[in-house]
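This is what each chain is made of:
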Amino acid sequence: MTTTFRYAVAAGVIALSLATVNAQQAAAPEVFCNTMQAGALCPTGTVSVLKLSGPKVQQWLDLVEKYNDTVEGASRTLKADARNILTPAQMAELDRWMEKGLNPEVNRLLASRSH
């Protein structure tokens, strides 16, 4: 019975710790879009962070779309040009730098530095 109680307490502590970690991660505003390549801005997330309203929202969304298209195009160009000078292992490293999954890390870093 005592062992079962200890396991239950340990499981509760672990669950609470995980919930706290998830809550902290969820609190990071999505400035850089979590579902896009590294460096791509999240349109709706940035609207919220910047507290935009009215006609400025659409103007901002148009700018973000243009920016994200430029980031994507620049990344494609860099990769195409780099194939001539980088080894396959180096290309894999370049791909890793631009992959999805890095933006959430950047968002958490930004959230930790917010005023």
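See above for the structure.
Note that the structure is predicted; figures quoted are calculated from it, not measured.

Remarks on the overall build of the chain
Phase 1: Per the secondary structure count, the chain includes 5 helices and 0 strands.
Phase 2: The order of helices and strands in the chain, counted from the N terminus, is α-α-α-α-α.
Phase 3: Looking at the chain residue by residue over its 115 residues, the buried ones come to 20%.
Phase 4: Residue pairs at least 24 apart in sequence account for 51% of intrachain contacts in the chain once pairs closer than 6 positions are excluded.
Phase 5: By element, 63% of the accessible surface of the chain is carried by carbon and sulfur atoms, the whole surface being about 8,500 Å².

Notes on the environment of tyrosine 67
Phase 1: Note that tyrosine 67 resides in helix α3 (residues 55-82).
Phase 2: Along the backbone, tyrosine 67 and glycine 39 are 28 residues apart, and their C-alpha atoms lie at a distance of 9.7 Å.
Phase 3: Apart from residues lying up to four places away in sequence, tyrosine 67 is in contact with Gly39 and Leu41.

Points about the side chain of asparagine 103
Phase 1: Tracing the chain through its elements places asparagine 103 in helix α5 (residues 103-112).
Phase 2: Classification of asparagine 103 by relative accessible area gives buried; the value is 2%.
Phase 3: Here the side chain of asparagine 103 touches methionine 36 through a polar contact of 3.3 Å, landing on its backbone oxygen.
Phase 4: Excluding residues within four positions of it along the chain, asparagine 103 makes contact with Phe32, Cys33, Asn34, Met36, Gln37, Ala38, Gly39 and Ala40.

A few points about the packing of helix α2 (residues 43-50) against α3
Phase 1: At a minimum axis distance of 10 Å, the contact between α2 and α3 shows a crossing angle of 135°. One element, α2, and the other, α3, form an angle in the oblique class. The way α2 lies across α3 gives a crossing that is right-handed. Within the contact between the two elements, α2 uses Pro43, Thr44, Thr46, Val47 and Leu50 and α3 uses Val57, Trp60, Leu61 and Val64.

Regarding the pattern of salt bridges
Phase 1: Tallied over the full model, the rule gives 4 salt bridges.
Phase 2: A salt bridge links aspartate 95 to lysine 79, with the shortest nitrogen-to-oxygen separation between them at 3.3 Å. In this pair, aspartate 95 is assigned in helix α4 (residues 88-98) and lysine 79 in helix α3, connecting sequence segments 16 residues apart.
Phase 3: A relative accessible area of 33% means that aspartate 95 is categorised as partly exposed.
Phase 4: For lysine 79, a relative accessible area of 23% translates into the label partly exposed.

Conventions we followed
- Residues numbered from 1 in each chain as written.
- Predicted model: local features only at pLDDT ≥ 70, side-chain atom pairs only at ≥ 80, totals over all residues.
- Heavy atoms only, no water.
- Helix = DSSP H or I, 4+ residues; strand = E, 2+ residues; numbered from the N terminus.
- Buried < 20%, exposed > 50% of the residue type's maximum accessible area, 1.4 Å probe, protein only.
- Contact = heavy atoms within 4.5 Å.
- Areas by Shrake-Rupley, 256 points an atom, 1.4 Å probe, with all protein chains shown as cover.
- Polar contact = N/O pair within 3.5 Å; in protein donor to acceptor, adjacent residues only side chain to side chain.
- Axes fitted to C-alpha atoms, helices over the stretch in contact; angles between N-to-C directions.
- Parallel < 35°, antiparallel > 145°, perpendicular 65-115°, else oblique.
- Left-handed = near helix turned anticlockwise from the far one by under 90°.
- Salt bridge = Lys/Arg side-chain N within 4 Å of Asp/Glu carboxyl O.

Bear in mind that shape data such as this cannot, by itself, settle questions of function.
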